[in-house]
Amino acid sequence: MSERRPKNLAGNSPGSLRILILGAAGQLGRELAHNFAGFGTVTAAARATADLAAPDQLRALVRSVQPNVLLNAAAYTAVDRAESEPELAHAINAEAPRILAEECLRCGALFVHYSTDYVFDGRKPGPWVETDAPNPLNVYGASKLAGEQAVEKIGGRVLIFRTSWVYGPHGRNFLLTMLRLARERTSLSIVDNQTGAPTTSMEIARATRAIVSGVLASQFGAPQEWRGLYHMTCAGAVSWFGFAQAIFARASALLSIKPPPLIPIASENYPTPAARPHNSVLSNNKLHARFAVHLAPWQSALEEVLQALAATS
Ligand SMILES: NC(=O)c1ccc[n+]([C@@H]2O[C@H](COP(=O)([O-])OP(=O)(O)OC[C@H]3O[C@@H](n4cnc5c(N)ncnc54)[C@H](OP(=O)(O)O)[C@@H]3O)[C@@H](O)[C@H]2O)c1
């Protein structure tokens, strides 16, 4: 990721900032906690102390921390399970962000929230821009869209970053599933007709930090100039099948994994409870233009994750 460095942190020295991170045990939450360490006093809360399905607990936590910046990386992310738990997905992905936006408005905090490429139906041939009409194909996407809309409606100093195909060295993700299955199966059938941008938790966390730092330094102007919705993904695009090929091309050398034969299949031949968009590539032009922040190409971001796994294996 490349970034423009802020000159100063107007009004607050970094040490005096209070940063509240929710979803601290998740892929992104963990990286945010790592990247924001030293940026201020970080309170990193996981489900046990900040349950997004418990509104009173959430409100009490925000009021006691009184954050300058609230980063919400918690979400109901079980895309297929959401089809049978729509109320819970809505409570966590839509209702909780609304409450958090309200609390941030009350205390004047910058609220950073994350959303998903799955707000789109995948039918557009080119990259999706922020002004394209969303039309989620599944409950998860609908719940995340409702969250975006609720947060935008509350207003205030809000940044919503839509990202896609998130993975990293920790947690539950496609890359770690591929590495596990390579040890268990004699061949792997992988969907080849869904295209997106695999994006690492590290790249999102670094980009978030650069943008938050610039916002607090008034580098991007008044809130009405920068607040709102942005797409934030690694550069480039690939199918799940192509991503798996790239993973194994390097994992065989770096992690001594013997890749099984990979078989490309159509998503129609791999039925799942939740439908997924065929094209979920997001344009990052708005992010580039406003913040001059560019996430790495997905290939070099993948290399970073595989190197991190190799260093600890
Ligand atoms: N993963 C993706 O492919 C993807 C794609 C596009 C956008 N996004 C968005 O990116 C953001 C970060 O996702 P991620 O990949 O880091 O997801 P993740 O690894 O699944 O982490 C989500 C975290 O939210 C926590 N959580 C779930 N229910 C909760 C609740 N009721 N109260 C408090 N915490 C709760 C989970 O806690 P437990 O560990 O206790 O379950 C988990 O630690 C989310 O907004 C997600 O929608 C993700």
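Residues numbered from 1 in each chain as written. Predicted model: local features only at pLDDT ≥ 70, side-chain atom pairs only at ≥ 80, totals over all residues.

A.B. asks: If you had to explain the site of the ligand to someone new, which residues and values would you point to?
C.D. replies: In the vicinity of the ligand lie 26 residues, with Gly-26, Gln-27, Leu-28, Ala-75 and Val-166 positioned nearest. Put simply, the parts of the chain that give the shell around the ligand at least two residues each are α1 (27–36) and β4 (110–116). Looking at the shell around the ligand element by element, the count peaks at three residues for α1. Considering only residue class, the shell around the ligand consists of 13 nonpolar, nine polar and four charged. (Near = placed C-beta within 6 Å. Helix = DSSP H or I, 4+ residues; strand = E, 2+ residues; numbered from the N terminus. Nonpolar A, V, L, I, M, F, W, Y, C, P; charged D, E, K, R; others polar.)

A.B. asks: How would you sum up the packing of helix α2 (residues 55–65) against helix α3 (residues 86–107)? Please name residues and give values.
C.D. replies: Each packed pair of helices is defined by two parameters, the angle between the axes and the distance between the axes. Viewed as axis vectors pointing N to C, α2 and α3 meet at an angle of 30 degrees, and their least axial separation amounts to 10 Å. Of the possible angle classes, the one that applies to α2 and α3 is roughly parallel. α2 and α3 meet at a crossing whose hand is right-handed. On the side of α2, the interface is formed by Pro-55, Leu-58, Arg-59, Val-62 and Arg-63, while α3 contributes Ala-96, Ile-99, Leu-100 and Glu-103. In terms of residue class, the contact of α2 with α3 is made up of six nonpolar, no polar and three charged. (Axes fitted to C-alpha atoms, helices over the stretch in contact; angles between N-to-C directions. Parallel < 35°, antiparallel > 145°, perpendicular 65-115°, else oblique. Left-handed = near helix turned anticlockwise from the far one by under 90°. Contact = placed C-beta atoms within 7 Å.)

A.B. asks: Lay out the nonpolar core with the relevant residues and their values.
C.D. replies: Counting residues in each nonpolar core, the largest one holds 92 residues, and the members touching the most others are Ile-21, Val-69, Leu-70 and Phe-111. The element contributing the most residues to this core is helix α6 (residues 201–216), with nine residues. (Core = buried A, V, L, I, M, F, W, Y, C linked by C-beta atoms within 7 Å. Buried ≥ 20, exposed ≤ 12 C-beta atoms within 10 Å, placed from the backbone.)

A.B. asks: How would you summarise α1 if you had to cite specific residues and measurements?
C.D. replies: Most of α1 is tucked away, with nine of its ten residues classed as buried. Within α1, burial applies to Gln-27, Leu-28, Gly-29, Arg-30, Glu-31, Leu-32, Ala-33, Asn-35 and Phe-36. Packing partners of the buried residues in α1 comprise β1 (18–22), β2 (41–45), β3 (69–72), β4, β6 (166–167) and α6. Trailing α1 by a residue or two, Gly-38 shows a phi angle of about 90 degrees, which is positive.

A.B. asks: Give me the lowdown on the pairing of strand β5 (residues 158–163), citing residues and values where you can.
C.D. replies: A regular strand places its side chains on the two faces of the sheet in alternate fashion. For β5, the buried fraction is high: five of the six residues fall into the buried class. Pairing between β4 and β5: six bridges, direction parallel. When the sheet's bridge partners are listed, Val-112 is paired in β5 with Leu-159. As for the winding sense of the linkage, the β-α-β connection from β4 through helix α4 (residues 139–154) to β5 is right-handed. (Pairing = 2+ DSSP bridges. Right-handed = clockwise from strand over helix to strand, strands pointing away.)

A.B. asks: Lay out the pairing of β4 in plain terms, naming residues and giving numbers.
C.D. replies: Counting buried positions along β4 gives seven out of seven residues, so the element sits mostly inside the fold. Burial along β4 is two-sided: the face carrying Leu-110, Val-112, Tyr-114 and Thr-116 and the face carrying Phe-111, His-113 and Ser-115 are both buried. Traced from β3 through α3 to β4, the parallel crossover comes out right-handed.

A.B. asks: Lay out α6 in plain terms, naming residues and giving numbers.
C.D. replies: Taking 1.5 Å as the rise per residue, α6 with 16 residues should run 22 Å; its terminal C-alpha atoms sit 22 Å apart, in good agreement. By the criterion of burial, α6 is predominantly enclosed, with 15 of the 16 residues buried. Positive backbone phi, at 55 degrees, marks Ser-218, one or two positions downstream of α6. (Expected span 1.5 Å × (residues − 1).)

A.B. asks: Give me the lowdown on the environment of Tyr-230, citing residues and values where you can.
C.D. replies: Positionally, Tyr-230 belongs in strand β10 (residues 228–231). When the C-alpha atoms of Tyr-230 and Asn-173 are compared, they prove to be 23 Å apart, with 57 residues separating the residues in sequence.

A.B. asks: Quick rundown of the confidence of the model for the protein? Include the residues and the values.
C.D. replies: On average, the protein scores 94 in pLDDT, and the residues at 70 or more come to 95%. Across residues 2–11, where pLDDT falls below 50, the model places 16 contacts with residues more than four positions away in sequence or in other chains. (pLDDT = per-residue confidence, 0-100.)

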